[in-house]
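Observations on the three-dimensional arrangement
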Amino acid sequence: MPDSPAGPPSPPVPLAELLAREELGLHRIAGPEQADLLWVHTSEMADPYPYLLGGELLLTAGVQLTDPDTYVARLVQAGAAALGFGVAPVYDTVPAALVEACDRHGLPLLEVPPETRFTAVARAVWRLMAEARHRELRRVTRAQQALATAAARPDPVPAVLRQLAVQLEGRVALLTADGGVLQAAGGRPAPDVQTALARLARVVAPSASSAPSAPSGPTGHAPSAAPGVMPGVMPPGATPPAAGPGRKPSPSSATDTRAGTHLFAYALGGGQGLALVLATPRRDSGDHTVAGIAVVLLSLLTAPHQGADAAGRSAALVRLLLGAAPQDVAPLLGDGAPWTVIHARRADGTPAGPLNAGALGAALGSALSDVDRETVRVLLPGPHEAVTPQPGWTLGVSGPAPVSALPDADTQASRALGHAEATRAPLSTHRPGTGGLAALIPPDRAEAHARTLLAPLTAPLAETLRCWLGLHGSWDRTAVALKVHRNTVRQRIARCAALLDADLDDMDVRTELWFALRAGGSAPE
């Protein structure tokens, strides 16, 4: 077959759609029922092979048809999709030898009646192509809008994957280079399909351990790890693997087929070694474009922040690991302004993962995020006034603190998050005491008195008492904030009253204890 150039911008037209145009009067009289038409070409040459691109509906009246079998064999070699034979003026009927040759070689043969001009057939094909292209553009536009909306959700990565699974009606997953599943959506495929998807992921996003390339085969090309590796365009921000000696750059996409299931893999940009894999029951026009939109969105959502701030974070980490004090590396992470610690949990109670944490940090304006069990912690340079509620999240925000006081700010954020969950508020901020009677007492004397007063209490009891007083003695809200049973709260408060030998129903006692807890008194660990 001649070297085929890139296909036309319009999707192929199924042969059945052309046969359905009753005004043309076309009839299939030989060959298979299904074929995809990419072009229409008219030729009366004895051998049009050199002039075919592949995928044509070739129209002829058989002016130079002398050897039907050789003629059809050459058309099949050239990749022609179908043959249209015009009855009259040369032949009154389609030659039987031509019908037999098309059946033998598997080429669809159409009978074109005398009243149908070849130009009418060509015009019908181009019109069907335009309609198919219009449908594809509308589908891609709808998919783009749906994926962009999903990317704006509180859980953007899972939302984009779920929407992509809906658009392509298949299984989609985000895999690491070693085949580990980070997120997935859609029905679970068969085990052999999952294995093939993991194999494709290694093709487009090879792990560091597989850096050396495979030995070249007899033709001088590395053996393909998947049947259909196709070159593509790396999304914005992508960092292609370095092509050192003996190593070839990895393709940005790859395809395969397993038991009628079409498999695809796309490398994500950002240098994270992630791959988007898909398994669909069929392959429709526009699927590659829709998947490409998802690749770009997922690359942006999963890629770390780049630039000078990333270099500063790397330098700060190196210095901390080498023994530098936090206050010494703080200038590398910001302009010296106070820091804010944010604790967050999903409002629906679902666990948060690294991708959710990264997306929340990006929404808050910081790349410094971490997941501690179900709680996401974010370090935000600057004052807490910049923090706003985030859809789908419950936030607890500390007061501004220097680097040396970040552990205290972490405790403030944890308490604020508990208060937000107890009061069902989307955001709660730690408010330090300012002025008032407490400011009239020297801090050192206040702290000494607080330590003496609270000395009988253990740390869990002191924290329970502080939370209970802060929530106005509500058993239920305190239980929610501390994530314990309300009976546990009752038992702890009763224990506090016994150890302090105090009546906690007395407002004066509550006030004195509250001042002591706010003054920084803490129970021994």
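Residues numbered from 1 in each chain as written. Predicted model: local features only at pLDDT ≥ 70, side-chain atom pairs only at ≥ 80, totals over all residues. Heavy atoms only, no water.

1. As for helix α16 (residues 507-518)
Under the 1.5 Å per step criterion, the end-to-end length of α16 is 16 Å for twelve residues, consistent within 8% with the ideal 16 Å. Among the residues of α16, the N-terminal cap falls to Asp506, whose side-chain oxygen and the backbone nitrogen of Asp508 are separated by 2.8 Å. (Helix = DSSP H or I, 4+ residues; strand = E, 2+ residues; numbered from the N terminus. Expected span 1.5 Å × (residues − 1). Polar contact = N/O pair within 3.5 Å; in protein donor to acceptor, adjacent residues only side chain to side chain.)

2. Considerations on the sheet that holds strand β17 (residues 393-397)
Spatially, five strands are ordered β15-β16-β14-β17-β18 in an open sheet, and the strand pairing comes out mixed. Looking at the sheet topology across the chains shown, the edges are occupied by β15 (368-372) and β18 (427-429). Neighbour to neighbour, the strand axes of the sheet diverge by 20 degrees on average, direction disregarded. In terms of strand pairing, β17 meets β18 through three bridges, oriented parallel. (Pairing = 2+ DSSP bridges. Axes fitted to C-alpha atoms, helices over the stretch in contact; angles between N-to-C directions.)

3. Here we look at the confidence of the model for the protein
Residues of the protein with pLDDT of at least 70 account for 82%, and the chain-wide mean is 80. Mean pLDDT per element in the protein: strand β10 (residues 228-230) is the minimum at 39, and strand β7 (residues 109-112) is the maximum at 96. Within the model, the stretch residues 1-6 combines pLDDT values under 50 with twelve contacts to residues more than four positions away or in other chains. (pLDDT = per-residue confidence, 0-100. Contact = heavy atoms within 4.5 Å.)

4. Quick word on the environment of Gly25
Looking at where Gly25 falls in the secondary structure, it is placed in the loop between α1 (15-19) and β2 (27-30). When neighbours within four sequence positions are excluded, Gly25 is seen to be in contact with Glu111 and Pro113.

5. Remarks on unusual backbone geometry
Here the residue pair Ala88 and Pro89 is connected by a cis peptide bond, since its omega of 10 degrees sits within 30 degrees of zero. As for its placement among the helices and strands, Pro89 is situated in the loop between β6 (82-86) and α3 (96-105). Phi at Glu169 takes a positive value of approximately 55 degrees, unusual for a residue other than glycine. Inspection of the secondary structure assignment puts Glu169 in the loop between α5 (156-168) and β8 (171-176). Here the phi dihedral of Arg424 falls at roughly 60 degrees; this positive angle occurs in a residue that is not glycine. Its place among the elements puts Arg424 in the loop between α11 (406-423) and β18. By relative accessible area, Arg424 is classed as exposed at 80%. (Buried < 20%, exposed > 50% of the residue type's maximum accessible area, 1.4 Å probe, protein only.)

6. Quick word on the pattern of salt bridges
Inspection of the entire model under this criterion finds 20 salt bridges. With a shortest N-O distance of 3.7 Å, Arg377 and Asp410 are connected by a salt bridge. With Arg377 in strand β16 (residues 375-381) and Asp410 in helix α11, this residue pair connects regions lying 33 residues apart in the sequence. With a relative accessible area of 29%, Arg377 lands in the partly exposed category. It is possible to trace a salt-bridge network through shared partners that takes in Arg153, Asp155, Arg162, Arg346 and Asp348. (Salt bridge = Lys/Arg side-chain N within 4 Å of Asp/Glu carboxyl O.)

7. Overview of the pairing of β17
Here β17 lies mainly inside the structure; five of its five residues are buried. Burial of the side chains of β17 extends over both faces: Trp393, Leu395 and Val397 are buried on one face and Thr394 and Gly396 on the other. With five bridges joining them, strand β14 (residues 339-346) and β17 adopt antiparallel strand pairing. Along β17, the bridge assignment pairs Ala344 with Leu395. Following the chain from β17 across α11 to the adjacent parallel β18, one finds a crossover that is left-handed. (Right-handed = clockwise from strand over helix to strand, strands pointing away.)

8. A closer look at α3
The periodicity of an α-helix, 3.6 residues per turn, causes residues three or four positions apart to be oriented the same way. Along α3, the positions that sit buried rather than exposed are Leu98, Val99, Ala101 and Cys102. Down the axis of α3, the sector holding all buried residues measures 165 degrees, keeping them to one side. Exposed residues on α3 whose side chains face more than 90 degrees from its buried face are Ala96 and Arg104. Looking at the buried side of α3, the elements it contacts are β2, α2 (68-78), β6 and β7. Of the residues one or two after α3, Gly106 is the one with positive phi, at around 75 degrees. (Arc of directions from axis to C-beta.)

9. Here's the deal with empty space enclosed by the protein
Evaluated as defined, the whole model comprises two cavities of 30 Å³ or more. Forming the boundary of the largest cavity are Ser43, Glu44, Met45, Ala46, Thr60, Gly62, Val63, Gln64, Leu65 and Tyr71. By residue class, the composition of the lining of the largest cavity is five nonpolar, four polar and one charged. When its volume is computed, the second largest cavity comes out at roughly 40 Å³. Around the second largest cavity, the lining residues are Leu168, Phe264, Tyr266, Leu278, Thr280, Asp287, His288 and Ala291. Of all the elements, helix α7 (residues 287-302) adds the most residues to the lining of the second largest cavity, at three residues. Of the residues that constitute the lining of the second largest cavity, the class distribution is five nonpolar, two polar and one charged. (1 Å grid on protein atoms, 1.4 Å probe; cavity = no way out; pocket = protein on both sides within 12 Å on 5 of 7 lines; lining within 4 Å. Points joined across faces, edges and corners; volume = space filled by probe spheres on them. Nonpolar A, V, L, I, M, F, W, Y, C, P; charged D, E, K, R; others polar.)

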